[in-house]
Amino acid sequence: MTQDSSLQSITLGGGCFWCTEAVFEQVAGVQSVESGYTNGHVNAPTYEQVCTGDTGHAEVVKLVFDPARVSLRDLLEVFFVVHDPTTLNRQGNDVGSQYRSGIYVQNEDQAAVAREVLAEVQQACGGRAVTEILPLQNYSAAEAYHQRYFANHPGQGYCAFVVAPKVEKFRSRFAQLMRG
């Protein structure tokens, strides 16, 4: 995909990428959502390698968005509502460093917005958020079968019981940001 110069990209780790991908695919102004792995020490790891916890990667979604239609602040507010930023290396029953909470930025402007929103989250949760803010490094797309997983498998057990409630939480809390 050729990226329009007015578009921006941000990469977010909020536990299992199936959950965050399913939410952000519904946000108006988000042009694309790609599940992937980032900030580890192995080049182009496989899902199986990442699941061992030995590669250092986080499961993430890479968002390409139009800041004229949706702000980075709005995306980060959605991000902090649809995952638990207070659990270290865990989201629900998904446990391991690959499920850590992280914002992986492209530049200092994004880092400044991320720090501002995280400070608000810290205040709201009594300083318990463990979300890391780091420059994006060593990103690679996840395997094809992970892309659009919820859209392609809505009746699968994990999707029905874990992903669907997060999507519903987004819809009820952020109706104004939903695609038309």
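For the structure, see preceding data.
Everything in this summary refers to the structure shown in the same document.

**Observations concerning helix H6 (residues 157-173)**
At step 1: Counted at 1.5 Å a residue, the expected span for H6 with its 17 residues is 24 Å, and the 24 Å between its end C-alpha atoms agrees.
At step 2: Residues of H6 that are buried: Cys159, Val163, Lys166, Val167 and Phe170.
At step 3: Considering only its buried residues, H6 is in contact with helix H1 (17-24), helix H3 (72-82), strand S4 (90-91) and helix H5 (149-152).
At step 4: A side-chain oxygen of the first residue of H6 lies 3.0 Å from the backbone nitrogen of Tyr158; this N-cap is Gln156.

**Quick notes on unusual backbone geometry**
At step 1: With a phi close to 55°, Asn89 is a non-glycine residue in the positive phi region.
At step 2: Assignment of secondary structure puts Asn89 in the loop between H3 and S4.
At step 3: On the basis of relative accessibility, which here comes to 26%, the residue Asn89 falls in the partly exposed class.
At step 4: One non-glycine residue, Arg148, lies in positive phi territory at about 55°.
At step 5: Exposure remark for Arg148: the relative accessible area of 45% places this residue in the partly exposed category.

**A word on the pairing of strand S2 (residues 30-38)**
At step 1: Pairing between S2 and strand S3 (residues 58-65): 8 bridges, direction antiparallel. Bridge pairing in S3 places Ser35 opposite Val61.
At step 2: Relative to strand S8 (residues 140-141), S2 is paired through 2 bridges, and the arrangement is antiparallel. Its bridge partner being in S8, Tyr37 is matched across the sheet by Ser140.

**A closer look at the packing of H3 against H6**
To characterise two packed helices, one gives the angle between the axes of the helices and the distance between these axes.
At step 1: Two elements in contact, H3 and H6, have axes separated by 10 Å at closest approach and are oriented at 130°. Taken together, H3 and H6 sit at an angle that is classed as oblique. Relative to H6, the crossing made by H3 is right-handed. Where H3 approaches H6, its residues Val78, Val81 and Val82 are matched on the opposing element by Lys166, Lys169, Phe170 and Arg173.
At step 2: Residues of the contact of H3 with H6, tallied by class, amount to 4 nonpolar, no polar and 3 charged.

**Notes on the packing of aromatic side chains**
Pairs of aromatic rings are described using the distance from one ring centre to the other and the angle between the two planes.
At step 1: Tallied over the full model, the rule gives 6 aromatic pairs.
At step 2: Ring geometry for Phe17 versus Tyr47: centroids 6.4 Å apart, planes at 35°, classification tilted. With a gap of 30 residues between them, Phe17 in helix H1 and Tyr47 in helix H2 (residues 47-51) connect regions that are remote in the sequence.
At step 3: Among the residues examined, Phe17 registers a relative accessible area of 0% and is labelled buried.

**Digging into the sheet that holds strand S6 (residues 101-105)**
At step 1: Across the sheet, which stays open at both edges, the 6 strands sit in the order S7-S6-S1-S3-S2-S8 with mixed pairing between neighbours. Two strands close off the open sheet at either side, each with one partner strand: strand S7 (132-135) and S8.
At step 2: Helix-sheet contacts for H3 involve strand S1 (8-14), S2, S3 and S6, and the interaxial angle to S1 is about 15°.

Parameters and conventions
Residues numbered from 1 in each chain as written. Predicted model: local features only at pLDDT ≥ 70, side-chain atom pairs only at ≥ 80, totals over all residues. Heavy atoms only, no water. Helix = DSSP H or I, 4+ residues; strand = E, 2+ residues; numbered from the N terminus. Expected span 1.5 Å × (residues − 1). Buried < 20%, exposed > 50% of the residue type's maximum accessible area, 1.4 Å probe, protein only. Contact = heavy atoms within 4.5 Å. Polar contact = N/O pair within 3.5 Å; in protein donor to acceptor, adjacent residues only side chain to side chain. Pairing = 2+ DSSP bridges. Axes fitted to C-alpha atoms, helices over the stretch in contact; angles between N-to-C directions. Parallel < 35°, antiparallel > 145°, perpendicular 65-115°, else oblique. Left-handed = near helix turned anticlockwise from the far one by under 90°. Nonpolar A, V, L, I, M, F, W, Y, C, P; charged D, E, K, R; others polar. Phe/Tyr/Trp six-rings, centres within 6.5 Å; stacked < 30°, edge-to-face > 60°.

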